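Remarks on the overall topology
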Amino acid sequence: MKPTFIYSFSKCFVMDVKRIREDFPVLQNSKGIVYFDNACMSLKPRPVIQKMLEYYEQYTACVGRSNHRLGKLATEKYVEARKTIAKFVNARKEQEIVFTRNTTEGINLLANSLDLKKGDVVVSSDREHNSNLIPWQLVKERKGIEHRIVKSRTDNTFDLEAFKKSMSRQVKLVTMVWTSNIDGYTLPVREIVKTAHDFGAVVLLDGAQAVPHSKTDVRRLDVDFLAFSGHKMLGPTGTGILYGKYELLERLQPFVVGGDTVESTTYETHKFLKPPERFEAGLQDYAGIIGLGEAARYLENIGMENIESHEKALNKTISQRLLEIPNLQFVGVQASELRGGIISFNLKGMKYHDVSLMLDRNHGILIRSGQHCAHSWFNSHGIEGSARASLYLYNTQEEAELFAEAVKKISKLGK
Amino acid sequence: MVICIVAAVVLGILGIFSARYRKIAREAFSCVKRMMTFRPCETGFDDKVRSHVTAKLMKRNERIAGVFYRNFKLLSVLFTASFFLSAGYTAYTVYNLAVYGTCDPVNPQNCVFNPGADPNRVICPYEGLSPNASVATIGNFRNIESATIEGRPVIYFFGTTWCPHCAWERPIFLNVTAKFSGFIETKVTEIDIEQPTLEMEIFKHYSTEGKIPVIVIGGKYFRVGSGESLGQQTEENVLTAILCKVSNDPIAECSDQQVKQLENGL
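Calculation criteria
- Residues numbered from 1 in each chain as written.
- Chains lettered and ligands numbered in written order.
- Predicted model: local features only at pLDDT ≥ 70, side-chain atom pairs only at ≥ 80, totals over all residues.
- Heavy atoms only, no water.
- Contact = heavy atoms within 4.5 Å.
- Buried area = accessible area lost by both parts, 1.4 Å probe.
- Salt bridge = Lys/Arg side-chain N within 4 Å of Asp/Glu carboxyl O.
- Polar contact = N/O pair within 3.5 Å; in protein donor to acceptor, adjacent residues only side chain to side chain.
- Disulfide = S-S within 2.5 Å.
- Helix = DSSP H or I, 4+ residues; strand = E, 2+ residues; numbered from the N terminus.
- Buried < 20%, exposed > 50% of the residue type's maximum accessible area, 1.4 Å probe, protein only.
- pLDDT = per-residue confidence, 0-100.

A few words on the interface of chain B and chain A. At the junction of the two partners, chain B supplies 14 residues and chain A supplies 14 residues. Between chain B and chain A lies a buried interface of about 1300 Å² when both sides are counted; carbon and sulfur atoms form 53% of it. Together, Met-58, Tyr-69 and Arg-70 of chain B form the three largest contributors to the area buried by chain B at its contact with chain A, with a combined 39%. At the surface where chain B touches chain A, the tally comes to 2 salt bridges. Taking the shortest distance from any N to any O, the salt bridge between Asp-47 of chain B and Lys-351 of chain A comes out at 3.1 Å. Joining chain B to chain A, the criterion identifies 8 residue pairs in polar contact (both at pLDDT 80 or more).

Spelled out as structure tokens, the structure:
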């Protein structure tokens, strides 16, 4: 297998995809599968699994509570994981990293903790995942805020002008998807953050599809809150992160409360701990978080820029080949340069579920089909759903060719 | 949509024997219920059937898979209709087999499945013999002599209402014997309905294994089985020839060349 050469400004990086694939047990155990469902769940490399097993086999204990040797070791590893992830996103300090179960929980935490009142405005894009849409619909129902949606342009790109027009002093929060899980399009987040700050609003970004696939620098971006998932970045299932600027986290009311969120309690009162512990009630998924720390380390070693370039190259190959199919329609943005590692499409005359089923049964290619938890976008565009292929660091050019060939074969059914 | 009906029937039967099919059988049934109330199948069962079958077909022939995929609705209507048609016809066949011993009473030679049928396809087995039918006479003799009544030869036909070979033979027998009316005595006995003791004794005497139909002519000639292997025309001629012989050529037809030839062969 040819290694992928990526040229940066000053040096060449070689991402040895073949070598990387050997680290993933699923690829070794299920030979012949082409895993193109990374926008939903990424595969896990052996070092991550190993780290989790180590916790379970060698130092299973409570973190931050027990004073014995196993407890101390578990706490040490847990804190180390938090530091690694803080470094991964270039946070100022590790206390700005709150562990959650997933992106959804991070967003819900904010929706329930932010001090929003009647008359406040929350602005979102028109291509949000349900996890960054429904919480704000509920806040609207419960607190009477206004939830403003910024419509995209007809070519499905973000309309910065419309966004600026929607901004006002009443806007307290701008919450948007960074990279859309529908079509892989990345919003102009730098401009969005700047504009929001000009109006005194804070910004929450849904980074579930962005953080695992490109370099994240929260300080450079100056984003106020960033929610992303561990399971989409080679980490264990049930792990997620909410990054928040420390001074903002300090002002938030906790959402889920209980053990390990307080310094002390009486029967009538309580004294909350500082962030992030304030938001991490009860015993956490310690094995998962320690595994997540390892996943971040694994990705750092490979280099996020390398991964991004690799995915873009694969997407280019696939898009070029898919363009040859006459009854194929891309869903969302049309140009492949605007997509990261996600390709959403429909075949005329065929149901999207049939496409994915046939790709799986006849070609061993695993993709997702449906509305991808973004029903609002599909409903507003009158599209029933789509088939979606999503790439990651361990996918190869050969797989890309196989996929395009298989889709071409299947497309003939609908003619 | 309609495919759910066939699927529900087939999977329902399979589900009786294997737990593996019960979940999907329930899904098929719920699809049928939705269909009855003109609502779409909520689990997408019909779509799943379409895509699974198409995926399998694609491995063999892509063109056929495409035709199947695009015309699934029409094909499933045709398939369901033919399923019920063939199920109905199968039920009819099984009924015939149970009642008449052959799938096709009208043309029993067409039936490949004929329990107890004879290889020449002329005999039905009959096992309903009453062991107590007999007429005792003097000195423990049993009277079965009934070859003639008032000088006229007695012609017996033993059969049943359900035996197809009897059904074939009976009309020919009645047709031929009617021509000799006045010169012979005809006794047709449906041994599954009426069992006069003398006739039963005669029947048992000539059909020792209980096969039907049986024709006994004037106590001189008898045959167990129909004349189907001869064909209708020949059977008519044969019967005519024998009846001519035992009744001394009473009718004009006994002078017929073919009949005369057969008669000379007796």
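This brings us to the state of the cysteines. One covalent bond between the sulfur atoms of two cysteine residues makes up a disulfide. In total, this model carries 3 disulfides over all chains according to the counting rule given. Across the disulfide, Cys-31 of chain B is cross-linked to Cys-41 of chain B (sulfur-sulfur distance 2.4 Å). In this pair, Cys-31 of chain B sits in helix α2 (residues 22–36) while Cys-41 of chain B sits in the loop between α2 and α3 (45–60), placing the two residues 10 residues apart along the sequence. The exposure class assigned to Cys-31 of chain B is buried, which follows from its relative accessible area of 0%. Residue Cys-244 of chain B pairs covalently with Cys-254 of chain B via a disulfide, S to S 2.0 Å. Between Cys-244 of chain B and Cys-254 of chain B, the S-S dihedral sits near -85°, and the bridge is therefore left-handed. With a gap of 10 residues between them, Cys-244 of chain B in helix α8 (residues 232–246) and Cys-254 of chain B in the loop between α8 and α9 (257–265) connect regions that are remote in the sequence. Note on accessibility: Cys-244 of chain B and Cys-254 of chain B belong to one class, buried. This cysteine, Cys-40 of chain A, is not joined by any disulfide, and Cys-373 of chain A carries the nearest cysteine sulfur, 7.7 Å off. Here Cys-166 of chain B stays free of any disulfide, with the sulfur of Cys-163 of chain B as its closest cysteine sulfur at 3.2 Å. Taking relative accessible area as the criterion, Cys-166 of chain B reaches 0% and is therefore assigned buried.

Residues and elements named next belong to chain B. Looking at chain B, the pLDDT average stands at 82 and 83% of residues meet or exceed 70. Every residue in residues 128–135 is under pLDDT 50, and counting partners more than four places away or in other chains gives 21 contacts. Model confidence for the complex: the whole-complex pTM is 0.75, and ipTM, which rates the interface, is 0.73.

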